[in-house]
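# Secondary and tertiary structure notes
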Amino acid sequence: MNRNQAKQTLRNIFNLNHFYEDQWETIERISNGERILLIEKTGFGKSLCYQFPATQFHGLTVVFSPLIALMRNQIKYLKSIGISSECVNSEQEPEENSEIFEKAKQSKIKILYIAPERQENQEWLEAVRKMKLSMVVVDEAHCISVWGHDFRPAFRRIISLVKLLPSNFPVLATTATATERVANDIIAQMGGNVKLIRGNLLRENFYLSVVRVDSEEGKMAWLAEFLKNQNGNGLIYTGTRVNTDLFASWLQFVGIDAANYNAGLDADSRKEIEDGLLSNRWKCIVSTNALGMGFDKPDIRFIIHTQIPQSPIHYYQEIGRAGRDSLPTKIVLLYNPVDRELPEHFINNSRPSINKYQRVINALKQEPLSIHNLMRKTNLTQIQVRVIKTDLIDQRIIREVMYGKSKKYEYQFRAPQLDTRPFEILRQFKIAELKQVIEYAEAATCRMDFLCKYLGDNSVGRCGKCDNDLQIINKFTLTDNWKNKIKEFIECYFLELKVESRNSNIVNGVASGYYGFSNIGSVIHRCKYENGGDFPNHLLIQTLRAFRHKFGKEKFDLVVYVPPTESGDLVKNFAEKIAKILGFPFSNGLKKISKTEPQKVFENYILKRENVKGAFTFENSAEIIGKSILFVDDIFDSGTTIKEIGKMFTYLGTAKIAPLVIAKTIGGSWDDITKPAGLTKRIVNTKKDNLKIDLYKILRRWRVRKAKELSIPAYCILSNAALKNIAEMKPENFMDLLEIHGLGKITVKKYGEDILRLVNKGFETKSEETTKKPKIPSYIEENRKIYPNAYKPWTEEDNKKLWQLYNRGMKVEHLSHFFKRTKGAISLRINKLYIKYGK
Amino acid sequence: MSDYPYWMALAHLPNWLTEKINSLIVEIIQNRRISFVEFFELNKNEWQNEFQLNEKEVEDLQNTKLELPNYSFLAESLLEQGFSIITINSEEYSKTLKQNLKMKYSPPLLYTKGNIKLLNESSVAIVGSRKASDIALEFTKTIAKNFAKNYQIVVSGFAKGVDKTALDATLEVHGHSIIVLPQGIMTFTSGFKKYYAQIIEGDVLLLSTYHPNVPWSVGLAMGRNIYIYGLADKIYVAETDLKGGTWTGVMDGLKKDRTIYVREPESDEKNANYLLIEKGAIPVDMDGKPIQVEDKKYFELQIKNILSSKPLTAKQIKDCLHLDIDTLKLSQLISSMDFIVSEKIKKVKSFRLKNKKKLQGNLFE
Ligand SMILES: Nc1ncnc2c1ncn2[C@@H]1O[C@H](COP(=O)(O)OP(=O)(O)OP(=O)(O)O)[C@@H](O)[C@H]1O
Ligand SMILES: [Mg+2]
Ligand SMILES: [Zn+2]
């Protein structure tokens, strides 16, 4: 096809008039089976370079794409112009994905978008063997390189794949954001033999500026002022998931139509917000960079960052979403010099300590383990396990192996020693990049020139539009008026507790605030651990407000509380007061029936969940069938205890369980702790301190016991200072112990084992078999005796029979007898049938 | 750039005989010295004329060519998971296998997991039926342990009975083993778990010649016997019936002039071990030691056997049977047997069986 013919086709299919030069060159070469790395500015039109050839090829074009939002955005466009395309991702139902594979096998799809992680999926590998392939595209190819922003380990496998593809098979890699180093890295990794096509990076319609602020409150106030006078719609980027919610709520509070978006939301909400963004449903969307890369919308009029990005490349990429229609567009970075501390902290702590790597290696030397069991065996957090396993795979120490449909990690024969040098090099590199961002923020010369130069384009010189070129100095000072307004906001900023799940009657609840906010955490801490007495009234008021905010005038049949572990009657008294004020009956019936460890001993949700499984019961279960329960606790952390209690109540036949807590900690989600943020900082620190204090307490208690046992004074065992040091250092083995100040060889010999057990409670490697067997909750066992049919699935026949008898007027009690199932199960089932069969 | 997808595409050409595939590979990389990429870029005519391929074969190749990107996906997944793909022209490929099976049967590709160095160590296979008797299993255990202790690789097929016993005994004494799988390598997940420790220690190599994804089947189980025999320098038969995999395998081995040892059966055993000895296998005792020629009955049997197809000189008989005896003395011994006649062929004294007709032609090839 010559260029003129192609132009005609371009008009017919894409409704575009002509190709840009670089587009045509790329398309021509692709059609000849070449391999291309295409680097062009954001919004250039890189997608067309594979979408066009894809329509001309006989077979399927597979596009590896790093973000789900980006996939959906592209599919939407392609479908609208009649090109059959689909995406496969983890947010779609497995059935839907399978259907798409089937369609692809039957050549009913031209373009298929998938995440690089799919390459680890057995079903995909099976399916792709039967597809007729014409081209492979690696979109946002900078993710291949650790020197790029947003390095994604899964892209490493895409590279191996590209190397194995026949050398005359067309491969296109595209990105806007590759420094020379990244470009070279990509080409080298692809095995050479790659043609580089590179354009300039200047975005002419951008008005770049930096606004100095001196606090988080300053940022909030500036945003509110800015948005009130700003035309059009835009994006606000925050550093963390937590902050997307905070800033969006704040903007709503001051009357601005804002939505929040992050990867932690459920798929439906995300889809809705993506659609709303395209149709300008909101003034602005507050988002993490999960909504970034590649997203194509013509008229984003402004992009504001409330937190410095991790590198100038990140920044160029993120602001690239704006002004793709070439009209004037405002780009603002809110900058507070102290903002650097947190990203710095995260960069310096982005990798777990070496002995944690060793823990993973040791576990895998014993047996192959799934990620789930690896977490159980090592008591490391999900994030730690993820980081470690990625590094170990990268260094070929372990591998991820398919065991049928599931994945396990295996230690390798002749595995090399762990090499930590690359970690340090990368750390220094990231620190250097962060310095560059600060340099950008503090620069006095053209900002566009600064960004383009950083990315290897020296052609800009002076854009004439940025604040420096126009000699504007933006500094924002906070007025008392705003200060008060923000205080007002924080007081009614409540947090949703997401605990709903398919097989439980628990509903989402509410927390009155974050643990680290406005000193809630320290107040709670004082009461719990320093004999501070009952939780003070202002917490009560705050919590009641949260209740009103979430549940309005709703009535509950009963208020219960989590039985105490270490806080004595604090929670009980608190819950009783709440019940009294709200006028709901109060109950002491929720009881613990088996011993549990304090949840904080466990680093990940899997072990936490197992710790509390079957640990609770409710004394008078007849009392709560079909009832609604308000369930009060002080701190919401992982939510595993609350969910377990929710399950137990559901089982007993409660119709609704709603949690209400004073404070929520920041969860351990990936974004929350890897992305820098202002407001989370204080919280993170408090949480860490608490852990130390708790371990110290545990150690002291142990010392008392030991002293009694040996009939010697406690101080003869270990000094307070030594215990504190242990709590601080969290030693993992004898070598660690010996290095702790205040511990001698003899002490370590005598008590080392005890201490290590306390510090790393319960993670001595039990065999997988024995740990896997779930202990059956005792209430379940009891019920099984009385109700032999409990836990058996309902058949269609059972359903019909039950509905019939129920309609005949038979009482739940008798039905329970008849079906040999608990009353709770019966009333639950009746509820379901009610929905199904109606009246 | 790696050639694996091409190798896989060729190795799994549907319904092609191994010999055909191997000779095409040899033609491409050895005789013409072109790359697979170049080969697959040739057109239909060139394939037909230059490589003497018929219409059907060319069509197969064209279809396979379309599957190359798909094989790339599969190869990537295999390599990422730590499997090795060993091509017949590589250093790592088992030399024993190549020598034993020649171009006709040597698989073009081996898929393995574990310590590939085991492929080029001296090796034995202990074979026998799935329902072997206790004594056969006892024998298997003893000799497997002996071999393992002498750093010999024990090749086994992971079948019930003798196979598993040999494997377990070997691993019990921390010996080395190659397990030849009756299925595609990716499907052997129960074994990944079971032999995890040995695999990561380098004591075990899993090996399959089949497409990595195919599940176990009877056909594949039968088909792999030839590779078990092929991978071993020496073959020991613990017990065989008159039919079945072991018997066919061993008969095939004897036909190919391989030395095969068989456990000497007790007089009341109901198996075909004795028959095997009559066919030319060397009897061994419970420790795997060959039974001495002084035992006249066996000696005569062996002579009968070895002369059943063609006349031989005393020297030739001595070599074939690995006898440790003076040639002259052997000659006298044989002459004294009543079922033997001697004659001069090309001026050399040869022996033949009495009832066999005099043979003509080149007897000493
Ligand atoms: N030849 C063309 N003429 C006019 N408009 C075009 C042309 N090619 C592409 N476009 C338009 O440019 C817009 C941006 O294209 P695209 O999303 O491919 O950008 P991109 O280069 O991938 O940017 P990013 O790096 O941000 O992902 C699209 O809306 C597309 O329709
Ligand atoms: Mg793009
Ligand atoms: Zn400028």
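Owing to the predicted nature of the structure, the values given are computational and were not obtained by experimental measurement. (Residues numbered from 1 in each chain as written. Chains lettered and ligands numbered in written order. Predicted model: local features only at pLDDT ≥ 70, side-chain atom pairs only at ≥ 80, totals over all residues. Heavy atoms only, no water.)

## Observations concerning the site of ligand 1
All names here are of chain A. Surveying the vicinity of ligand 1 reveals 18 residues, the closest of which are Gly 43, Lys 46, Ser 47, Asp 296 and Arg 324. His 18 is positioned with one of its backbone polar atoms (N or O) 2.9 Å from a nitrogen atom of ligand 1. A distance of 3.0 Å is found between a nitrogen atom of ligand 1 and a side-chain nitrogen or oxygen belonging to Gln 23. The fraction of the free accessible surface of ligand 1 (640 Å²) that becomes covered by protein chains is 83%. Class assignment of the residues belonging to the shell around ligand 1 gives a composition of 5 nonpolar, 7 polar and 6 charged. Residue-level mapping places the shell around ligand 1 at the junction of two domains, with at least three residues from each of domain 1 (3-198) and domain 2 (206-339 + 443-487). (Near = heavy atom within 4 Å. Polar contact = N/O pair within 3.5 Å; in protein donor to acceptor, adjacent residues only side chain to side chain. Areas by Shrake-Rupley, 256 points an atom, 1.4 Å probe, with all protein chains shown as cover. Nonpolar A, V, L, I, M, F, W, Y, C, P; charged D, E, K, R; others polar. Domains from an automatic or database assignment.)

## Considering the coordination of the zinc ion (ligand 3)
Residues and elements named next belong to chain A. Around the zinc ion (ligand 3), the protein contributes the donor atoms Cys 446 (SG), Cys 463 (SG), Cys 466 (SG) and Asp 469 (OD), which lie 2.0 to 2.4 Å from the metal centre. Here the zinc ion (ligand 3) is ringed by 4 donor atoms whose angles at the metal span 99 to 121°, and the overall shape comes out tetrahedral. Positions of the donor residues of the zinc ion (ligand 3), expressed as sequence spacing, correspond to C-x16-C-x2-C-x2-D. You can see Cys 446 sitting in the loop between helix H17 (421-442) and helix H18 (447-454) and its partner Cys 463 sitting in the loop between H18 and strand S16 (474-475), a full 17 residues away along the chain. (Donors = N, O, S within 2.8 Å, 3.2 Å for Na, K, Ca; no water. Tetrahedral: all angles 85-135°; square planar, octahedral: opposite > 155°, others 65-115°. Helix = DSSP H or I, 4+ residues; strand = E, 2+ residues; numbered from the N terminus.)

## Quick look at the pattern of salt bridges
All names here are of chain A. Applying the stated criterion to the full structure yields 54 salt bridges over all chains. Two residues, Asp 275 and Lys 76, come together in a salt bridge whose shortest N-O distance is 3.0 Å. Placement of Asp 275 in helix H11 (residues 267-278) and of Lys 76 in helix H4 (residues 68-80) is noted, with a sequence separation of 199 residues between them. The partly exposed category is assigned to Asp 275, whose relative accessible area is 34%. (Salt bridge = Lys/Arg side-chain N within 4 Å of Asp/Glu carboxyl O. Buried < 20%, exposed > 50% of the residue type's maximum accessible area, 1.4 Å probe, protein only.)

## Some words on H4 of chain A
Residue and element names in this part refer to chain A. Look at H4: 18 Å from first C-alpha to last across 13 residues, which is about the 18 Å you get at 1.5 Å a residue. Buried within H4 we find Ile 68, Ala 69, Leu 70, Met 71, Arg 72, Asn 73, Gln 74, Ile 75 and Leu 78. Tucked into the core, H4 has its buried residues touching helix H3 (48-56), strand S3 (85-88), strand S4 (111-114), strand S10 (258-261) and H11. Residue Gly 82 follows H4 closely and has a positive phi angle near 85°. (Expected span 1.5 Å × (residues − 1). Contact = heavy atoms within 4.5 Å.)

## Remarks on the packing of helix H13 (residues 341-348) of chain A against H17 of chain A
All names here are of chain A. In the contact formed by H13 and H17, the axes pass within 9 Å of each other and the chain directions differ by 170°. Here H13 is positioned roughly antiparallel relative to H17, judged by the angle of their axes. Between H13 and H17 lies a crossing whose hand is right-handed. Contacts from Pro 343, Glu 344, Ile 347 and Asn 348 of H13 reach H17 at Arg 427, Lys 430, Ile 431 and Leu 434. Residue classes in the contact of H13 with H17 are distributed as 4 nonpolar, 1 polar and 3 charged. (Axes fitted to C-alpha atoms, helices over the stretch in contact; angles between N-to-C directions. Parallel < 35°, antiparallel > 145°, perpendicular 65-115°, else oblique. Left-handed = near helix turned anticlockwise from the far one by under 90°.)

## Considerations on the nonpolar core
Core analysis: the biggest nonpolar cluster contains 81 residues, and Met 8, Leu 24, Leu 61, Leu 78, Ile 178 and Leu 206 of chain B have the highest contact counts within it. The leading source of residues in this core is helix H1 (residues 4-11) of chain B, at 6 residues. Both domain 1 (4-80) and domain 2 (113-284) of chain B contribute no fewer than three residues apiece to this core. With sequence-adjacent residues up to four places away left out, Leu 61 of chain B is seen in contact with Leu 10, Leu 13, Trp 16, Leu 24, Phe 39, Phe 40, Trp 47 and Leu 53 of chain B. Within the second largest apolar cluster, 57 residues are counted, among which are Ala 221, Ile 642, Phe 649 and Leu 652 of chain A. (Core = buried A, V, L, I, M, F, W, Y, C linked by side-chain atoms within 4.5 Å.)

## A look at the sheet that holds strand S3 (residues 123-128) of chain B
Hydrogen bonding along the main chain pairs the strands of a sheet, whether they run parallel or antiparallel. All names here are of chain B. Taking strand neighbours across the sheet as the criterion, the 9 strands line up as S1-S2-S6-S5-S4-S3-S7-S8-S9 in an open arrangement whose pairing is mixed. If you trace the sheet from one side to the other, it starts and ends with strand S1 (84-87) and strand S9 (282-284), each paired once. Here the strands of the sheet are splayed against their neighbours by 30° on average, with no regard to which way each runs. Alignment of S3 against strand S4 (residues 153-156), held across 3 bridges, turns out to be parallel. Residue pairing for S4: Ser 123 is matched across the bridge by Ile 153. (Pairing = 2+ DSSP bridges.)

## Quick word on a nonpolar patch on the surface
A cluster of nonpolar side chains, namely Tyr 207, Leu 470 and Ile 472 of chain A, defines an oily patch on the protein surface of about 250 Å² accessible area. Mapped onto the elements of the fold, Leu 470 of chain A is located in the loop between H18 and S16. (Patch = residues over 30% accessible without salt bridge, like charges linked within 9 Å, V, L, I, M, F, W, Y side chains within 5 Å.)

## Digging into the packing of aromatic side chains
For any pair of aromatic rings, the description consists of the separation of the ring centres together with the inter-plane angle of the planes. Counted by the stated rule, this structure contains 42 aromatic pairs over all chains. Judged by centre distance (5.6 Å) and plane angle (80°), the rings of Tyr 403 of chain A and Phe 192 of chain B are edge-to-face. Residue Tyr 403 of chain A is found in strand S14 (residues 398-403), and its partner Phe 192 of chain B is found in helix H10 (residues 189-194); the two belong to separate chains. As far as burial versus exposure is concerned, Tyr 403 of chain A and Phe 192 of chain B are alike and both buried. Relative to Phe 649 of chain A, the ring of Phe 618 of chain A lies with its centre 5.5 Å away and its plane at 55°, an arrangement referred to as tilted. (Phe/Tyr/Trp six-rings, centres within 6.5 Å; stacked < 30°, edge-to-face > 60°.)

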